[in-house]
Amino acid sequence: MTALIIDGKLVAAAIKESLKPRIASLKAKGVVPGLAAVLVGDDPASATYVGAKAKACEDLGLYSEVIRQPKELIEPALASIIHGLNANKKIHGILVQSPLPKHIDEEAMTLLIDPAKDVDGFHPFNVGMMLIGKPGLLPCTPHGIIKLLEHYRIDPDGKEVVVVGRSNIVGKPVAAMLMQKGKMANATVTVAHSRSKNLSEITRRADILIAAIGRPNTITGDMIKSGAVVIDVGVNRVENPTAKKGYSLVGDVDFAACAEKASFITPVPGGVGPMTIAMLMSNTVTAAEKSTEK
Ligand code: GUN
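Engineer: So what's going on with the overall build of the protein? Which residues, and what values?
Structural biologist: Helix and strand content of the protein: 10 helices and 11 strands. In terms of overall size, the protein behaves like a compact globule, its C-alpha atoms giving a radius of gyration of 19 Å where 294 residues would be expected to give roughly 19 Å. Considering only C-alpha atoms, the protein reaches an extent of 50 × 40 × 35 Å along its principal axes. Residues counted as buried form 46% of the 294 residues belonging to the protein.

Structural data, given as structure tokens:
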């Protein structure tokens, strides 16, 4: 079997297109959805992500602010920036780019964000709502993965899903969302991680395998069953002297080997990555809509 390559750019473009009438009707009411991204320090990958988010806002006609701060920024100063954004009527979505410098308590900062503006879906209020299956702002990458599956008519209902990785931003929430009772869910979910024994025995059970470990080439061809759907969430920089930037981006999956065996596979880049940004735009528009209901 040769896998069909899931086109995240195409699905992300369709999702962004579908937001346009909602943005237009907000603008007709005098509301321009606004997103603020706070970037602390000079991590080049974070700067790239924040730049891509600002560009997506610009393309859709959303208001966006990028607040750049030096890595020496102290926690009370970041807290004060967040409080200011919570009170700012032009801003409907707040995103504090992670990772933050080590001297700042990331979880404490997340708690300060107004849950109604938490477009990352990281605030414990939104995490809790997601876990009990109630409406709230959903985390962008897990929600983007489900939208990708939906677009390709891959229904997780009754399927064996194996998630490799247990991070708070991908592994745990995607597992919770897929095991939920409901549409594009109802899966039998297993979460494997760095302490799991016999990883390949677990991954070979998967009808849908979601790799979110953050280590290149962790999922090799012999670790998947024939016909599996393989979703690669990894974004790893590996040195490549022949590449213009000196590095290449690779996922967590050995793409060439798995593409020979899978039924569907996401590439890196161009798979899950563009979906994260599309869902961030979607959450910003949703947050702006909700602000008009108050
Ligand atoms: N760092 C890596 N991914 C993300 C994300 O989705 N949101 C934020 N705020 N930081 C990140």
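Don't stop here, the text continues.
Engineer: Quick one: what's the story with the environment of Val253, residue by residue and with numbers?
Structural biologist: Tracing the backbone through its elements, the reader meets Val253 in the loop between strand E10 (247-250) and helix H9 (255-259). Owing to a relative accessible area of 6%, Val253 belongs among the buried residues under this scheme. In this structure the C-alpha to C-alpha distance between Val253 and Thr218, which are 35 residues apart in sequence, comes to 5.8 Å. With residues up to four places along the chain from it excluded, the contact list for Val253 reads Ala211, Asn217, Ile219, Val230, Asp232, Cys258 and Ile265.

Engineer: Account for the site of the ligand, naming residues and giving values.
Structural biologist: Taken together, Leu95, Val96, Gln97, Ser98, Asp120 and Phe122 are the residues near the ligand. In isolation the ligand has 280 Å² of accessible area, and contact with the protein removes 83% of it. The residue inventory of the shell around the ligand, partitioned by class, reads three nonpolar, two polar and one charged.

The rules behind the values
Residues numbered from 1 in each chain as written. Predicted model: local features only at pLDDT ≥ 70, side-chain atom pairs only at ≥ 80, totals over all residues. Heavy atoms only, no water. Helix = DSSP H or I, 4+ residues; strand = E, 2+ residues; numbered from the N terminus. Rg over C-alpha atoms; globule rule 2.2 N^0.38 Å. Buried < 20%, exposed > 50% of the residue type's maximum accessible area, 1.4 Å probe, protein only. Contact = heavy atoms within 4.5 Å. Near = heavy atom within 4 Å. Areas by Shrake-Rupley, 256 points an atom, 1.4 Å probe, with all protein chains shown as cover. Nonpolar A, V, L, I, M, F, W, Y, C, P; charged D, E, K, R; others polar.

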